[in-house]
Amino acid sequence: MEHIANKTQKKNDRLAFKLTLLVLALISLPLVIGITFCYLFFLPSNTNNPGITGWIGNMMGFRTFAPDTRSSIIFPSTSTSSNPITASSVSTTTQTSVFPVVVNRGSEMKPQLCQPELFDPVTNKIRKSMMNGVPSETYTIDGYSEAGDGNMMMINGWNKEGDAKVTLASPYSVTFYQFGCASTTSYILDLSKNNVRQALYTQVVDFSFSADSKSLYLINYTNKDSLWVLHKRIINLDTNVAYEVIDPGNSCVASEKGIWQVDRLITYSKADRNFSYGTNICIWDKSANLISIASATTYWGAYSKDFLAEQIGLLPNDKNTFYAFTTNKEGTNCSLILSDITKEGVSKTADVLSKNDYPNSTNCADPEVQFDLVNVTMSSTSVKYRVNTTVSGKDPKVWSEWKTAVIK
């Protein structure tokens, strides 16, 4: 009898345990449902959660965006005392080329840049050829008959020889050879110091010299051990030291463009290839030390490839102030937005053009606006500007009188 009683007791204990688990589950269920409901419907739209509308939109095949996505300039990583991120650099004593550290995987396939794998204007013979269209004349390289091998080349320009000549401060000089076919453009740079060749850079995608002619931002492919590697470097022309520009993670180095502003380099890329508004931006010093990361909702156009249509830069006499000329948050004006890259959240705005006056324009690249930024700083209260009154893309340009916009 005692054995039977113990067996019955164990069965009752198991039943009680199961009932306890059931009661706890019933009590927890409303709490889980409530938390899930709040997460889906009430989490702010500026977080990474798209909300239920975003998920439904994705399933239906369209994308949703937060309503406040325009005219914002955000600097999430700044420092007033030191650079938050530093790219690696390497020094070389080679006088004819610079091979910094390899930061990305190479390819055995030659890049399709419409230029010969090896071309030296000193040793290769070139001759001028007449053409129908633009350009009306080009150079061809003896031994290369196909367009993709370098059949179309121009010196110091494209439409006409010398129309885009780059003039550097003494003791430097440069001649660039531009190649083109279909929608592809590439360059070869012949750089000299005191009239003696310092470097010959081939397979160049894009390049830009600093205002003092002492730094070169160079994007080009190099071939080493049968591997083609794309490099993006700042090269100090005085020391021939190359600093690799390494993307900090926001894809600001993804595009093949960079612009010098004062003594700083701005690299930028389209934030979303499927959306026309949005730019990832990085600001570097001459040694490729990252100064600031930014994002701005500026407009991108597209021809053969995407390009940033609206103006961005650093104020010429206040290099800690970034500016962008784009549509304001309300969508009512084209505004010049100033933002301090050393202090997060510090910005000012000058409303320049009313959207109502230009109903056919969808962005702030048309009509073209020119600013007088020489004396503008973050503490300024106004900025002068003028507007191109001719049809977009037509020359000569006819400018309006200078006008003044209030910065507030």
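Before reading further, recall that the structure is shown in the block above.
What counts, and at which threshold
Residues numbered from 1 in each chain as written. Predicted model: local features only at pLDDT ≥ 70, side-chain atom pairs only at ≥ 80, totals over all residues. Heavy atoms only, no water. Disulfide = S-S within 2.5 Å. Helix = DSSP H or I, 4+ residues; strand = E, 2+ residues; numbered from the N terminus. Buried < 20%, exposed > 50% of the residue type's maximum accessible area, 1.4 Å probe, protein only. Phe/Tyr/Trp six-rings, centres within 6.5 Å; stacked < 30°, edge-to-face > 60°.

Caption draft 1: Summary view of the state of the cysteines. Applying the stated criterion across every chain, the model contains two disulfides. Disulfide partner of Cys252: Cys282, at an S-S distance of 2.0 Å. In this structure the cystine formed by Cys252 and Cys282 twists about its S-S bond by roughly -90°; its chirality is therefore left-handed. Within this pair, whereas Cys252 is found in the loop between β12 (241–244) and β13 (258–261), its partner Cys282 is found in strand β15 (residues 277–284), the two being separated by 30 residues in sequence. With respect to class, Cys252 is no different from Cys282; both count as buried. Disulfide partner of Cys334: Cys364, at an S-S distance of 2.1 Å. As the torsion about the S-S bond is roughly -95°, the Cys334-Cys364 disulfide counts as left-handed. With Cys334 in strand β20 (residues 333–340) and Cys364 in the loop between β21 (347–354) and β22 (369–372), this residue pair connects regions lying 30 residues apart in the sequence. Here the two residues Cys334 and Cys364 agree in accessibility, since each one is buried.

Caption draft 2: Layout of the packing of aromatic side chains. Applying the stated criterion across every chain, the model contains 10 aromatic pairs. Both rings, one in Phe207 and one in Phe209, keep their centres 6.1 Å apart while their planes meet at 75°; by these two values the pair is edge-to-face. The burial state of Phe207 is the same as that of Phe209; both residues are buried. Joined through ring pairs, the aromatic side chains of Phe176, Tyr187, Phe207 and Phe209 make up one cluster.

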